[in-house]
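Residues per chain are reported as follows:
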Amino acid sequence: MGLLQELARGLVRGADRMSPFTSKRGPRTHYKGRGARRAGVLTSNKKFIRIPQMVPEFIVPDLAGFKLKPYVSYRAPEGSEPPATAKQLFTELVAPRIEKDVKDGTFDPNNLEKYGFEPTQEGKLFQLFPKNYMR
Amino acid sequence: MERGLQRGPRPGRGHKGGVGGGGAVLQLPACTAPLQQSPHRRGVSERLQLPACAAPLPQCTAHQRRRGEGLQLPVCIAPPRPAPLKGLRLPACTAPGHALRELEGAGAGAMRLSAVLAAARLPPGYRHGTWPPDTAAAQRRNPPGQRRRRVLVEPIDSEDWKVFQGDTVQVLSGKDAGKQAMVTQVVRARNWVVVEGLNTHYRYINRTAKYAGTYIASEAPLLLSQIALVDPEDRKPTEVQWRYTEEGERVRVSLRSGRIIPVPLQPRRDGIVPEQWIDGPKDTSVEAAMEKTYVPSLKTFEEEIMDAMDIVETRKAKKSYWY
């Protein structure tokens, strides 16, 4: 039998065993979360103490005069910009400054921090790797 | 022979059936009239008086040079030079069969289940209805393993297909013979065309135990032999042929008047025609979407927002490890 027929036969004969068992399935008493982190601590009395610092807070800038909306019109053509790469960012922002310093003679290979070089991610609030913020 | 090489598909049919009257010069209507007579007819020496029109009048220079006549021969049956290579795909049609063949030809690796199902071939004796094969109605009528008597369908090349969704056609036979309407659906597998409001029968839908249902008119499909495309000028049914303009564009030409019948904008699989889309309240306008407002910087998005909103964070997170 063809693949379509086999799959259809399997679906007709019984439940789909390979689909994930989520909180939407099962009886009413079945409780299951979807992977959210606890925003507090569970004590030995089974009391839950909420920690405000763990509760996520959405910071939304003022959207007055903001023209972008959730969806894009179907009439819009495909974008012509290529995806941004690290090399492109470097050539746009950092390379001109390094070239200028080299021409002036003030380039110091031991002091690359002034061009934005970060030798380590320790101490940063938003570390790039390993990523410690949620996007 | 040079003549045989330059002709397109089925040259004989075009010359026999296409030319209307005898050798008299036809009265041209006010609109664009690309082709009046076959370029190969003998005795046509009078220069055609073509009215001034905004549309350019393409010329078939190949035949002109060969015959040595001063005729304006706008639309040529022969394919444009250089001749299309063998295996070259003509304008892709939206029929699902061709999409399937392209998918299989690409040889995509790990596809999702839905993509695998979409690319699965239909069984050999599949009975096509007026619904696409992946809809619930089609799956209910054609469960896997069902075998029905084959319906005989006249084989028509996909390149020779002339009727598209959105065309105006006239019904030639049947209950609504002589009426014109727009094509709402085309089923190429059975040479079917569903015309809006014509060839209707009546039925009840949304029937429940308490409600008898709504009485509606539903259209039955018509075969290609029962309809004819309508010439936009005189609004009469005509025979249509695929021809090439001088620019190399493949167009449908009415054989009676020579007018080009443009192919209407085809909707996508989800029924949307982007050129006719009207923006809703949640749609970003085209100008706003195409505006380039990105300023590259070495800061992350979160750091930029912190700077913009003057958020100061001096606390340090505890060190954590992952393996």
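For the structure, check the block above.
Residues numbered from 1 in each chain as written. Chains lettered and ligands numbered in written order. Predicted model: local features only at pLDDT ≥ 70, side-chain atom pairs only at ≥ 80, totals over all residues. Heavy atoms only, no water.

> Help me understand the overall build of chain B, please; the structure alone is not making it clear to me.
Helix and strand counts for chain B come out as eight helices and twelve strands. The burial tally for chain B puts 30% of its 323 residues in the buried class. Taking all contacts inside chain B whose residues are at least 6 apart in sequence as the whole, residues at least 24 apart take part in 47%. (Helix = DSSP H or I, 4+ residues; strand = E, 2+ residues; numbered from the N terminus. Buried < 20%, exposed > 50% of the residue type's maximum accessible area, 1.4 Å probe, protein only. Contact = heavy atoms within 4.5 Å.)

> In this structure, what is going on with the sheet that holds strand β7 (residues 227-230) of chain B? I would like to understand it.
The pairing of strands in a sheet comes from backbone hydrogen bonds and takes either a parallel or an antiparallel form. Residues and elements named next belong to chain B. Taken in spatial order, the six strands of this open sheet run β6-β3-β2-β1-β7-β8, and their pairing is antiparallel. At either end of the open sheet lies a strand with only one pairing partner, and these are β6 (222-223) and β8 (237-238). Pairing between strand β1 (residues 168-171) and β7: three bridges, direction antiparallel. Along β7, the bridge assignment pairs Q170 with A228. (Pairing = 2+ DSSP bridges.)

> Please clarify how unusual backbone geometry should be interpreted in this entry.
Peptide bonds are trans in most cases, and residues, glycine excluded, mostly fall at negative phi. Between F129(A) and the following residue, P130(A), the backbone shows a cis peptide bond with an omega angle of -5 degrees. Checked against the element boundaries, P130(A) lands in the segment after α2 (86-104). At K46(A), a residue that is not glycine, the phi angle is positive and equals roughly 65 degrees. Looking at the secondary structure, you find K46(A) in the loop between β1 (40-42) and β2 (48-50). Unusually for a residue other than glycine, D310(B) sits at a positive phi of about 55 degrees. Structurally, D310(B) is set in the segment after α8 (301-308).

> Mind showing me how you'd approach α8(B) here?
Three or four residues apart is the spacing at which side chains of an α-helix point the same way, because the helix has 3.6 residues per turn. Residue and element names in this part refer to chain B. Every buried residue belonging to α8 is among E302, I305 and M306, and all of these are buried. For α8, the buried positions fall inside an angular range of 100 degrees around the axis, keeping them on one side. Downstream of α8 by one or two residues, D310 has phi in the positive range, about 55 degrees. (Arc of directions from axis to C-beta.)

> Explain the nonpolar core here, please?
Soluble globular proteins tend to pack their nonpolar side chains together in the buried interior. Residues and elements named next belong to chain B. Ranked by internal contacts, the top residues of the largest apolar core, which has 16 residues, are V163, V169, V193, V195 and I227. Those elements that provide at least two residues to this core are β1, β2 (180-187), β3 (192-195), β7 and β9 (240-244). Among residues more than four places away in sequence, those in contact with V193 are V163, V183, Q185, V186, P221, L222, L224 and I227. (Core = buried A, V, L, I, M, F, W, Y, C linked by side-chain atoms within 4.5 Å.)

> Quick question: what am I supposed to make of the interface of chain B and chain A here?
A common way to express how large an interface is: the accessible area buried when the components associate. Contact with chain B, which involves 40 residues of that partner, is made by 38 residues of chain A. Carbon and sulfur atoms make up 69% of the area that chain B and chain A hide from each other, which totals about 3,400 Å². Here chain B is connected to chain A by eleven residue pairs in polar contact (both at pLDDT 80 or more). Counting only elements with at least two residues in the side of chain B that touches chain A, the list comes to α5 (113-119), β12 (283-284), α7 (286-290) and α8 of chain B. Each residue belonging to the side of chain B that touches chain A can be placed in one class, and the counts come to 22 nonpolar, four polar and 14 charged. (Buried area = accessible area lost by both parts, 1.4 Å probe. Polar contact = N/O pair within 3.5 Å; in protein donor to acceptor, adjacent residues only side chain to side chain. Nonpolar A, V, L, I, M, F, W, Y, C, P; charged D, E, K, R; others polar.)

> Where do I start with the sheet that holds strand β10 (residues 250-254) of chain B in this structure?
Residue and element names in this part refer to chain B. A sheet is described by the order of its strands in space; here three strands give the open sequence β9-β10-β11, paired in antiparallel fashion. Where the open sheet ends on each side, the last strands, each with one partner, are β9 and β11 (260-261). By the bridge criterion, two bridges tie β10 to β11 in an arrangement that is antiparallel. Bridge assignment links V253 to a residue of β11, and that residue is I260.

> What should I look at first to understand a nonpolar patch on the surface in this one?
A contiguous nonpolar surface patch, about 580 Å² in accessible area, is contributed by F58(A), V60(A), L63(A), F66(A) and L68(A). With respect to the helices, strands and loops of the structure, L63(A) is situated in the loop between β2 and β3 (71-72). (Patch = residues over 30% accessible without salt bridge, like charges linked within 9 Å, V, L, I, M, F, W, Y side chains within 5 Å. Areas by Shrake-Rupley, 256 points an atom, 1.4 Å probe, with all protein chains shown as cover. Salt bridge = Lys/Arg side-chain N within 4 Å of Asp/Glu carboxyl O.)

> Hey, could you run me through α2(A) in this one?
Residues and elements named next belong to chain A. Its 19 residues give α2 an end-to-end C-alpha distance of 26 Å, which sits within 8% of 27 Å, the value for a rise of 1.5 Å per residue. At V94, α2 shows its largest kink, close to 45 degrees, and the proline P96 lies no more than four residues downstream. Three or more residues of α2 are buried, namely V94, A95, I98 and D101. Just downstream of α2 lies G105, where phi reads positive at about 90 degrees. (Expected span 1.5 Å × (residues − 1). Bend = angle between axes of the 7 residues up to and from the residue.)

> When you look at the pairing of β9(B) in this model, what are you seeing that I'm missing?
Residue and element names in this part refer to chain B. For β9, the tally of buried residues reaches five of five residues, placing the bulk of the element in the interior. In β9, alternate side chains face the same way, and those of V240, W242 and Y244 on one face and Q241 and R243 on the other are all buried. In terms of strand pairing, β9 meets β10 through five bridges, oriented antiparallel. When the bridges of β10 are listed, Y244 appears paired with R250. Counted along the chain from β9 to the antiparallel partner β10, the turn is five residues long, and its residue G248 has a positive phi close to 100 degrees.

Interpretation in functional terms is not warranted from these geometric data alone.
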